[in-house]
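Here is how the chains run, residue by residue.
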Amino acid sequence: MTENAWTRWPSREALSRAGISRPRRMLAWAVRLLVLALLLWSAFSHKHVGIAGGLVAAAGVLLAGVVAWAFFRTTYQHRLMPSLALIAVLLALAVVAEATGFRGPALVLWCGCGISALERLPLGAAIPVTSVALASFSAFNKDVWLTTAATVVGMALAGYVLRLDAEARGSAQRLLAQERAARAAEAESAALAERARIAREIHDVLAHSLSAQLVHLEAARLLIENGADRERILERVVAARGMARDGLAETRQALSALRGELTPLEDFLSELVSAADGAEVTVTGERRPLSAEASQAVRRVAQEALTNVRKHAKGAKVHLRLDYGEQEVTLDVRDSGGRPGELTGAGGGYGLLGMRERAELLGGSLDAGPDEEGFVVRLKVPV
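Throughout what follows, the structure given in this document is the object of discussion. (Residues numbered from 1 in each chain as written. Predicted model: local features only at pLDDT ≥ 70, side-chain atom pairs only at ≥ 80, totals over all residues. Heavy atoms only, no water.)

Here's the deal with the overall build of the chain
Step number 1: Counting its secondary structure elements, the chain contains eleven helices and five strands.
Step number 2: Residues classed as buried in the chain amount to 38% of the 383 residues present.
Step number 3: Carbon and sulfur atoms provide 61% of the accessible area of the chain, an area that totals close to 21,800 Å². (Helix = DSSP H or I, 4+ residues; strand = E, 2+ residues; numbered from the N terminus. Buried < 20%, exposed > 50% of the residue type's maximum accessible area, 1.4 Å probe, protein only. Areas by Shrake-Rupley, 256 points an atom, 1.4 Å probe, with all protein chains shown as cover.)

Observations concerning helix 6 (residues 123-140)
Step number 1: If you check helix 6, its first and last C-alpha atoms are 25 Å apart, about what 18 residues at 1.5 Å a residue would give, namely 26 Å.
Step number 2: The complete set of buried residues in helix 6 reads Leu123, Ala125, Ala126, Val129, Thr130, Ala133, Leu134, Ser136 and Phe137. Buried residues of helix 6, viewed axially, fall in a sector of 160 degrees; they line one side. (Expected span 1.5 Å × (residues − 1). Arc of directions from axis to C-beta.)

Side note on unusual backbone geometry
Step number 1: Phi is positive for His78, which is not a glycine, with a value near 60 degrees.
Step number 2: With respect to the secondary-structure elements, His78 resides in the loop between helix 3 (51-76) and helix 4 (80-99).

Comments concerning the pairing of strand 3 (residues 328-335)
Step number 1: Here strand 3 lies mainly inside the structure; six of its eight residues are buried.
Step number 2: If you look at the hairpin formed by strand 2 (residues 318-324) and strand 3, you'll find three residues sitting between the two strands. (Pairing = 2+ DSSP bridges.)

Things to note about the sheet that holds strand 4 (residues 365-370)
The strands making up a sheet associate through hydrogen bonds between their backbones, and the pairing can be parallel or antiparallel.
Step number 1: Here five strands make up an open sheet; going across it, the order is 1-2-3-5-4 and the pairing mixed. Lying at the two open borders of the sheet, with one neighbouring strand each, are strand 1 (279-285) and strand 4. Ignoring which end each strand starts from, the neighbouring axes of this sheet average 10 degrees apart.
Step number 2: Across the face of the sheet, helix 10 (residues 292-312) comes into contact with strand 2, strand 3, strand 4 and strand 5 (375-382) while running at roughly 175 degrees to strand 5. (Axes fitted to C-alpha atoms, helices over the stretch in contact; angles between N-to-C directions. Contact = heavy atoms within 4.5 Å.)

Brief notes about the pattern of salt bridges
Step number 1: All told, the structure shown has eight salt bridges when counted by the stated rule.
Step number 2: Among the salt bridges present, the one from Arg169 reaches Asp165, with a minimum N-O distance of 3.7 Å. Here Arg169 pairs with Asp165, and both are found in helix 7 (residues 145-225), just four residues apart, close to one helical turn.
Step number 3: In this structure, Arg378 engages Asp332 in a salt bridge whose closest nitrogen and oxygen atoms are separated by 2.9 Å. Linking Arg378 in strand 5 with Asp332 in strand 3, this pair joins segments that are 46 residues apart in sequence.
Step number 4: Using a relative accessible area of 9% as the deciding quantity, one classes Asp332 as buried.
Step number 5: Each of Glu218, Arg221 and Glu225 takes part in one network of salt bridges that share partners. (Salt bridge = Lys/Arg side-chain N within 4 Å of Asp/Glu carboxyl O.)

Thoughts on the pairing of strand 4
Step number 1: Both strand 4 and strand 5 contribute to a ladder of six bridges, which runs antiparallel. By the bridge assignment, Ser365 is partnered in strand 5 with Lys380.

What to know about the packing of aromatic side chains
How two aromatic rings sit relative to each other is given by the distance of their centres and the angle of their planes.
Step number 1: Scanning the entire structure with this criterion turns up two aromatic pairs.
Step number 2: Seen from their ring centres, Phe71 and Phe72 are 6.2 Å apart, and the 80 degrees between their planes marks the pair as edge-to-face.
Step number 3: It is Arg12 that lies over the ring of Tyr76; its NZ or CZ is 5.9 Å from the centre.
Step number 4: The side chain of Arg299 reaches across the aromatic face of Phe268, ending 5.1 Å from its centre. (Phe/Tyr/Trp six-rings, centres within 6.5 Å; stacked < 30°, edge-to-face > 60°. Lys NZ or Arg CZ within 6 Å of the ring centre and 35° of its normal.)

Looking at helix 4
Step number 1: Under the 1.5 Å per step criterion, the end-to-end length of helix 4 is 29 Å for 20 residues, consistent within 8% with the ideal 28 Å.
Step number 2: Within two residues after helix 4, Gly101 carries a phi angle of roughly 95 degrees, on the positive side.

Shown next as structure tokens:
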């Protein structure tokens, strides 16, 4: 059967104590204890019963308390038939109390059943139960009819208001749970993105460093195969060791950059070209700070481009131009062309591909290809 307003239970969040403030919980328990005390007092205060009858009445009050607790549990579990059976037991206890002269406890039980049913049961079941309970209250209450009618209406309104309040609290709890889940998912997504960023950064550093080492080690191998003298071979090995040391330094620098501890981009490019023969750098436009990702992209492209020149255009002059535009920053790395080196085939060829992917992630672009003299690598990233 399709669930609708008449068959829908109040949510479990609404039927639980979650979201209820401590003072309100204490007030609810105080009211329950007060009602229980009044019922017990009523059981022993009747003159027409002796001690044995009072004990039986007290046992009935305690039984009603246990049944009421069980009713709260079954309604929380959304079990309709056990809930109806338990509230029927409470109504029967009220009838027995009325029949044995305990009118006060009977009236309290009828009112409590009416309010609780309207608060915790589906409306299709709550309305008949509440009607029976409040009708029984009206039949046996000896107040004037106007007072009885006002009491019945007030009890019905109280039950419905409690139901609406519980539903509002349940909705707030569900929204809070959804917000917490969304925040947890957002935090997890941010952590994964940060891990991917770190992995990409370390990958680019190592790819550049290992590619440069491979150039020198491959050269050393060729020199050994060709029977070159010891000094030339040692020069290549020392250069490879230097590249390994530089790679470690670049890794530390990349981690520092991820923490926001970047050296100025212009200083980095100046140091980069000073370590390369025949390279120079020009900076144009109004200088402005870049994000860590954009700054790292410029640095990695410059490094990769210079490594490729050493591999594929031996002896070429290289000019780096960094231009700060209004909307984007452009890095132009241009070489004058040179003779193909012995190591043209060394490396996997993934350096510029990785740089292009990095640029696209930033909303920029990377173009690489030959021009009139040599080879040009052009990176554009948004400011």
